[in-house]
Amino acid sequence: MSLFKNKIKDICVVLIFVALLIIGTKFDFKFSDKIYSDRNWLNFFVAIIAKMPAYFVALYAAISLLVLSLKKENKLDKYFMACIYILGALLIGMLMFEDVVEVFTDKIKNHGDLIKYAIALVVGAALSGYLYFILSKSNIEKLQSEKKEYLVVVISIAFIVVATFALKEIFERTRFEELLLQHGKFTQWYEIGVGGDSMPSGHTALAIALIAEIPYLKKIDLFKGKNYLYYPVIILYTLLIGLSRISYGKHFLSDVAVGALVAYCISKVVTWILLGFEENKLEIKQGSFLDRL
């Protein structure tokens with residue numbers, strides 16, 4: 001019965017995103033023009049911190065998997081998987097702090113991107129090291145029991161990031177703020193643009209990923225046992241991000257809807273593939289591919 005209720009909930013969530021997409025298809029430009037405000041400090045703040053929670057959860061999961069991999073007896077498995085998780089943690093950490101660092105390097109004319117990513121990599125590496133120091137002292141049996149949740153989080157976030165970057169490159173939709181400067185032309189979300197990275201909204205996609213992963217975030221105990229906080233806090237956070245991205249001129253309503261759809265569907269598909277439809281009953285078998293991960 002609970003499984004049926006979960007699937008009904010998933011269908012309802014998807015239908016909400018589809019409805020927003022239909023509305024955006026008809027009123028994209030008008031809606032953006034109505035709420036646009038490039039001087040709103042809240043939009044600026046949200047743009048900086050929007051991706052951080054999802055990346056932090058992924059980083060936490062990657063470091064936990066690193067700790068578990070170093071406990072393996074097989075040296076090939078131990079060091080090979082450790083290298084993968086270290087590289088993954090460094091990449092996640094860099095992406096986590098990219099937007100923050102960009103604020104301080106935006107006015108650097110030469111090698112701005114190189115400096116931005118270098119600083120973000122160093123800060124992300126420092127956070128990774130701190131998390132490793134903390135988690136290496138954790139109960140290994142507890143980490144092992146949560147391994148499948150960590151895998152769902154890391155793999156979901158990875159696919160979401162790749163999917164959003166790929167769609168941006170394919171559709172090249174011009175942002176609303178660029179249209180106001182008469183750069184490019186307005187296109188619908190399903191049309192190929194002439195240069196830009198408006199569609200879909202990566203910030204919204206990463207926020208939605210947190211909603212899809214709430215059952216696993218509870219096991220990670222993100223809010224220290226206060227389970228009633230997950231849905232209201234994350235849903236409010238996601239709505240704030242979606243509206244701010246539109247108000248800031250970075251995305252249209254349809255961009256936000258597509259980003260939400262992509263992220264939610266990817267998270268659910270990854271969950272079903274890795275854990276099965278009855279997620280709470282499936283365990284990782286010893287010696288399986290998932291166990292090697």
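Residues numbered from 1 in each chain as written. Predicted model: local features only at pLDDT ≥ 70, side-chain atom pairs only at ≥ 80, totals over all residues. Heavy atoms only, no water.

## Brief notes about the layout of surface pockets
Stage number 1. The volume enclosed by the largest pocket comes to roughly 850 Å³.
Stage number 2. Along the walls of the largest pocket sit 31 residues, with D99, E102, R175, H203 and R245 positioned nearest its centre.
Stage number 3. Mapped onto the lining of the largest pocket, the elements with two or more residues apiece are helix 2 (41-49), helix 4 (75-105), helix 5 (112-135), helix 7 (147-171) and helix 9 (202-212).
Stage number 4. Considered class by class, the residues forming the lining of the largest pocket number 14 nonpolar, 5 polar and 12 charged. (1 Å grid on protein atoms, 1.4 Å probe; cavity = no way out; pocket = protein on both sides within 12 Å on 5 of 7 lines; lining within 4 Å. Points joined across faces, edges and corners; volume = space filled by probe spheres on them. Helix = DSSP H or I, 4+ residues; strand = E, 2+ residues; numbered from the N terminus. Nonpolar A, V, L, I, M, F, W, Y, C, P; charged D, E, K, R; others polar.)

## Some points on the nonpolar core
Stage number 1. Within the largest apolar cluster, 69 residues are counted, with the highest numbers of intra-cluster contacts made by Y55 and I157.
Stage number 2. Element by element, the count of residues in this core is highest for helix 3 (residues 52-69), at 13 residues.
Stage number 3. Setting aside residues no more than four positions away along its own chain, I157 makes contact with A54, Y55, A58, L206 and A209. (Core = buried A, V, L, I, M, F, W, Y, C linked by side-chain atoms within 4.5 Å. Buried < 20%, exposed > 50% of the residue type's maximum accessible area, 1.4 Å probe, protein only. Contact = heavy atoms within 4.5 Å.)

## Considerations on the environment of Y117
Stage number 1. Counting through the fold element by element, Y117 comes out in helix 5.
Stage number 2. Note: C-alpha distance between Y117 and M94 (23 residues apart in sequence) is 6.7 Å.
Stage number 3. Y117 has contacts with M94 and E98, leaving out every residue within four places of it along the chain.
Stage number 4. Side chain to side chain, Y117 and E98 meet in a polar contact 3.2 Å long. (Polar contact = N/O pair within 3.5 Å; in protein donor to acceptor, adjacent residues only side chain to side chain.)

## Structural notes on the confidence of the model for the chain
Stage number 1. Across the chain, the average pLDDT comes to 85, with 88% of residues at or above 70.
Stage number 2. Model confidence for the chain, summarised as mean pLDDT per element, is weakest for helix 13 (residues 289-292) at 62 and strongest for helix 3 at 92. (pLDDT = per-residue confidence, 0-100.)

## Points about the packing of aromatic side chains
Stage number 1. A full pass over the atoms with the stated rule returns 9 aromatic pairs.
Stage number 2. Where Y36 meets F176, the ring centres are 5.5 Å apart and the plane angle is 65 degrees; that geometry is what we call edge-to-face. A residue pair is termed long-range when its members are at least 10 positions apart, and Y36 in the loop between helix 1 (2-35) and helix 2 and F176 in helix 8 (residues 176-180) qualify at 140 residues.
Stage number 3. Relative accessible area serves as the criterion here: at 0%, F176 is assigned to the buried category.
Stage number 4. Measuring from centroid to centroid gives 5.4 Å for W189 and Y190, while their planes differ by 85 degrees, and the two rings are edge-to-face.
Stage number 5. Residue class for Y190 comes out partly exposed when judged on its relative accessible area of 45%.
Stage number 6. The ring of Y117 has K116 sitting right over it, with the charged end atom 4.6 Å from the ring centre. (Phe/Tyr/Trp six-rings, centres within 6.5 Å; stacked < 30°, edge-to-face > 60°. Lys NZ or Arg CZ within 6 Å of the ring centre and 35° of its normal.)

## A short note on the packing of helix 9 against helix 11 (residues 230-247)
Stage number 1. One can describe the packing of helix 9 onto helix 11 by two numbers: an axis separation of 9 Å at closest approach and a directional angle of 170 degrees. The angle between helix 9 and helix 11 places the two elements in the roughly antiparallel class. Together, H203, T204, A207, I208, L210 and I211 of helix 9 and I234, I235, Y237, T238, I241, G242 and R245 of helix 11 make up the contact between the two elements.
Stage number 2. Partitioning the contact of helix 9 with helix 11 into residue classes produces 8 nonpolar, 4 polar and 1 charged. (Axes fitted to C-alpha atoms, helices over the stretch in contact; angles between N-to-C directions. Parallel < 35°, antiparallel > 145°, perpendicular 65-115°, else oblique.)

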